Amino acid sequence: MPRLLLAVGFVSAFVACDRDNEKYFPQPVAEYPGVVDLGEFTPLTLADWLDPSTRAEKSIYDGLGENAAIGQWGGATFTFQGTGGTVCVLVDPEAVFWLQSVDVRSPADGYICEDNNYDDGDLDLEVGLSAYYNGTPGVTVGNFEQVYEDSLGNEVVFEANECLMTGQRGQAGAHAGRATPEFCEIDTSLHPGRDYTVLLRLWSVPIDDYVVHYAATVVEIGAGDTCADLVSAVAADPECALENEGTGEGFSTLEELYCAGELDDLCTEVE
Amino acid sequence: MSPRGVLSDMTSATRAALLLAVVAQACTFDEHLPQVDIKGTVIVPRAAATRMILDDRTGVESEVVDARFIGPVYLGAYSDIRYDIEAYPHPATGPIIGGELGNTYPYGGGTVGVFDFACYTSTLCKVVTGRYADYSSLLDFWSNTLDQPVVDEQGAEVQSPDYFRTSCYDLFEYTEDAELLFLAGEDGLDFKENADGDFEAEFTMWRVNYHAGMKVWGWMDAPDSNFDFTTCDPANGQQFNQYSASFTTGSSYIDLLNFPSNYIDIGDFVVNEPVELTYEDADAFREAAPTFTLVYDFQVEK
């Protein structure tokens with residue numbers, strides 16, 4: 001009997017060794033560097049935003065791969081000039097449609113659909129005056145932390161990221177989870193004409209191709225208006241404000257169905 | 001001879017004396033902490049304790065001077081005080097981020113009087129410690145001077161100090177008045193009238209990070225005509241959920257010293273001439289053990 005147990009354990013150990021999980025560790029992709037600078041961006045007007053084709057045409061559609069420099073943040077940066085008013089900055093990483101309903105506490109439509117867990121990436125949004133950005137665009141990703149020295153020489157580290165999103169419990173400085181769009185209002189009234197830097201911090205890349213595709217934009221909005229107002233003017237869901245950010249097979253069809261509220265139909269057909 | 005041998009050769013008295021010397025030496029150890037306690041006196045002008053009160057029965061308005069009108073008195077230590085930021089003296093500020101005001105980055109601070117919950121929601125954010133000797137003092141002032149009687153959770157006027165005490169003990173599960181901070185006792189009242197007719201109180205700013213050249217400044221939050229204070233956050237403080245009652249007890253906003261201009265309002269009294277601390281470092285300050293006088297003589301008008 002002990003010999004039998006030993007043999008079973010030996011076989012089991014070999015089976016375990018047969019697993020190759022290397023694919024779960026994203027590798028750099030030559031066509032999509034992990035740190036990129038997209039240059040200067042001209043904010044969309046409200047009219048641009050409301051027109052679907054202009055909205056897509058003037059917004060950024062790109063992808064980010066894993067940073068080849070091990071242990072360093074990846075991300076994309078671009079700048080825009082302060083308009084003297086308020087702007088909305090928005091980023092929508094691929095993909096996640098069905099995962100939103102995989103929640104046993106509040107199961108929603110589409111739960112019966114099987115999700116592709118490997119096509120989701122995540123980008124975190126930070127925005128501030130370019131003068132305060134301490135990264136080197138296109139080379140290294142930084143943040144908006146700076147040091148203020150008062151008149152007595154006392155130094156205080158302060159955070160100049162102005163894109164402060166509110167979490168579910170009301171806490172400032174939150175970020176949306178996996179592949180969920182992030183957006184915030186930036187008041188440029190005190191710094192018209194000054195450069196602002198938008199940082200799309202690479203939080204995770206999809207496992208299927210190691211590239212997170214995304215759409216991003218900056219839109220002028222009226223004083224007192226919010227990004228939520230801007231989004232609701234064109235879509236019921238922030239996921240649907242900037243469409244076709246993913247490039248995977250069937251992505252656009254899936255997103256179209258999701259935005260039309262017809263995912264159930266697809267699931268039924270699959271069943 | 002080994003150390004153990006030396007000790008064993010000593011008499012008990014010698015060993016005790018040696019131990020005492022070691023212990024005493026420990027007591028003199030100076031950590032050279034960069035923080036200091038700043039002490040002194042604040043003076044608020046008589047006007048801060050004066051109100052014109054209309055007597056409903058006679059229709060006559062009369063001037064009432066009472067230290068219970070004095071709101072919380074805030075103190076902060078800053079790198080500098082400037083006269084070109086607001087319409088009143090204001091601490092120097094750091095960079096303006098977004099539309100927010102610049103942070104003053106204080107080195108420390110303190111208060112003379114803090115908000116305390118006097119057991120009924122009708123007193124929320126209206127009661128300051130060090131202003132009332134006992135229950136009767138509070139009830140009398142609110143009923144006869146403010147014409148804003150304290151009412152219980154059923155809306156009935158609280159007239160009896162004993163009922164007041166019972167309500168407090170029930171709510172907080174206390175067993176003696178000493179646990180209620182808003183009851184100062186006759187000897188614990190902060191402000192006393194001085195020879196000039198102004199009101200003064202002692203202060204201590206605990207554990208302030210010392211920087212040579214820093215300036216101590218502050219302001220007094222004067223209550224408005226409804227006896228509300230701009231520096232109290234009714235949503236802050238201890239949360240109570242008992243039966244049908246659900247409320248917070250109120251407390252000061254957490255960033256008063258960082259963003260004073262968010263809270264300083266018309267009628268408040270601000271220190272016009274801050275005290276500058278010129279001692280070389282914290283050790284020199286501690287050795288001198290100075291006390292300071294801060295005068296809150298600038299009334300904010302706009």
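Further remarks concern the overall build of chain B. Secondary structure summary: chain B contains five helices and 18 strands in total. Relative to a compact globule of 302 residues, whose C-alpha radius of gyration would be 19 Å, chain B shows 24 Å and is clearly more extended. Taken over the C-alpha atoms alone, chain B extends approximately 95 × 50 × 45 Å along its principal axes. Considering only contacts within chain B whose residues lie at least 6 apart along the sequence, 71% involve residues at least 24 apart.

On to the overall build of chain A, then. When helices and strands are tallied, chain A shows six helices and twelve strands. Taking all contacts inside chain A whose residues are at least 6 apart in sequence as the whole, residues at least 24 apart take part in 77%.

It is worth spelling out the sheet that holds strand E17 (residues 291-295) of chain B at this point. The strands making up a sheet are joined through hydrogen bonds of the backbone, oriented either antiparallel or parallel. Residue and element names in this part refer to chain B. Read from one edge of the open sheet, four strands run E8-E9-E1-E17, paired in mixed fashion. Each of the sheet's edge strands pairs with one partner strand only, and the pair in question is strand E8 (192-193) and E17. By the bridge criterion, five bridges tie strand E1 (residues 35-44) to E17 in an arrangement that is parallel. Across the sheet, the residue bridging to glycine 40 is phenylalanine 292, located in E17.

Because an α-helix completes one turn every 3.6 residues, residues spaced three or four positions apart along the sequence face the same direction. Between its first and last C-alpha, helix H4 (residues 161-172) of chain B extends 16 Å over twelve residues, near the 16 Å set by a 1.5 Å rise per residue. Positive backbone phi, approximately 60°, marks Glu173(B), located one or two places after H4(B).

What follows concerns the sheet that holds strand E3 (residues 74-81) of chain A. Residue and element names in this part refer to chain A. Ordered by their spatial adjacency, four strands build an open sheet running E1-E3-E11-E5, and the pairing between neighbours is mixed. The open sheet has two edge strands, strand E1 (35-40) and strand E5 (122-129), and neither has a second partner. For this sheet the average axis-to-axis angle between neighbouring strands, irrespective of direction, equals 15°. In this sheet, strand E11 (residues 195-204) lies alongside E3 in antiparallel orientation, the contact comprising eight bridges.

Attention shifts here to the domain arrangement of chain B. Where the parts come together, the accessible area they lose is often given as the size of the interface. All names here are of chain B. What the domain assignment reports for chain B is domain 1 (1-30), domain 2 (34-113 + 190-299) and domain 3 (132-186). For domain 2 and domain 3, the distance between their C-alpha centres works out to 25 Å. Broken down by class, the residue content of the side of domain 2 that touches domain 3 amounts to four nonpolar, no polar and three charged.

All names here are of chain B. When you line up the elements, leucine 20 lands in helix H2 (residues 12-27). Judged by local crowding, leucine 20 falls into the exposed class, with 10 C-beta atoms found within 10 Å. Each C-alpha atom, one on leucine 20 and one on glycine 109, is 39 Å from the other, the two residues being 89 residues apart in sequence.

Membership of the largest hydrophobic core comes to 47 residues, with the highest contact counts inside it found for Cys88(A), Val89(A), Leu90(A) and Leu200(A). Secondary-structure elements contributing two or more residues to this core are E1, E3, strand E4 (86-93), E5, strand E10 (182-187), E11, strand E12 (211-221) and helix H4 (227-232) of chain A. Broken down by element, this core gets its largest block of residues, eight residues, from E12(A). Ranked by size, the runner-up nonpolar core spans 39 residues in total, among them Val73(B), Tyr88(B), Trp219(B) and Met220(B).

Looking now at the packing of helix H3 (residues 135-145) of chain B against H4(B). Residue and element names in this part refer to chain B. Look at H3 against H4: their axes get within 9 Å of each other, and the N-to-C directions meet at 110°. The orientation of H3 relative to H4 falls into the category roughly perpendicular. For the pair H3 and H4, the sense of crossing is right-handed. Contacts between H3 and H4 involve Tyr135, Ser136 and Leu139 from the first element and Pro161, Phe164 and Arg165 from the second. Of the residues belonging to the contact of H3 with H4, the class tally is four nonpolar, one polar and one charged.

Rules used throughout
- Residues numbered from 1 in each chain as written.
- Chains lettered and ligands numbered in written order.
- Predicted model: local features only at pLDDT ≥ 70, side-chain atom pairs only at ≥ 80, totals over all residues.
- Helix = DSSP H or I, 4+ residues; strand = E, 2+ residues; numbered from the N terminus.
- Rg over C-alpha atoms; globule rule 2.2 N^0.38 Å.
- Contact = placed C-beta atoms within 7 Å.
- Pairing = 2+ DSSP bridges.
- Expected span 1.5 Å × (residues − 1).
- Axes fitted to C-alpha atoms, helices over the stretch in contact; angles between N-to-C directions.
- Domains from an automatic or database assignment.
- Nonpolar A, V, L, I, M, F, W, Y, C, P; charged D, E, K, R; others polar.
- Buried ≥ 20, exposed ≤ 12 C-beta atoms within 10 Å, placed from the backbone.
- Core = buried A, V, L, I, M, F, W, Y, C linked by C-beta atoms within 7 Å.
- Parallel < 35°, antiparallel > 145°, perpendicular 65-115°, else oblique.
- Left-handed = near helix turned anticlockwise from the far one by under 90°.

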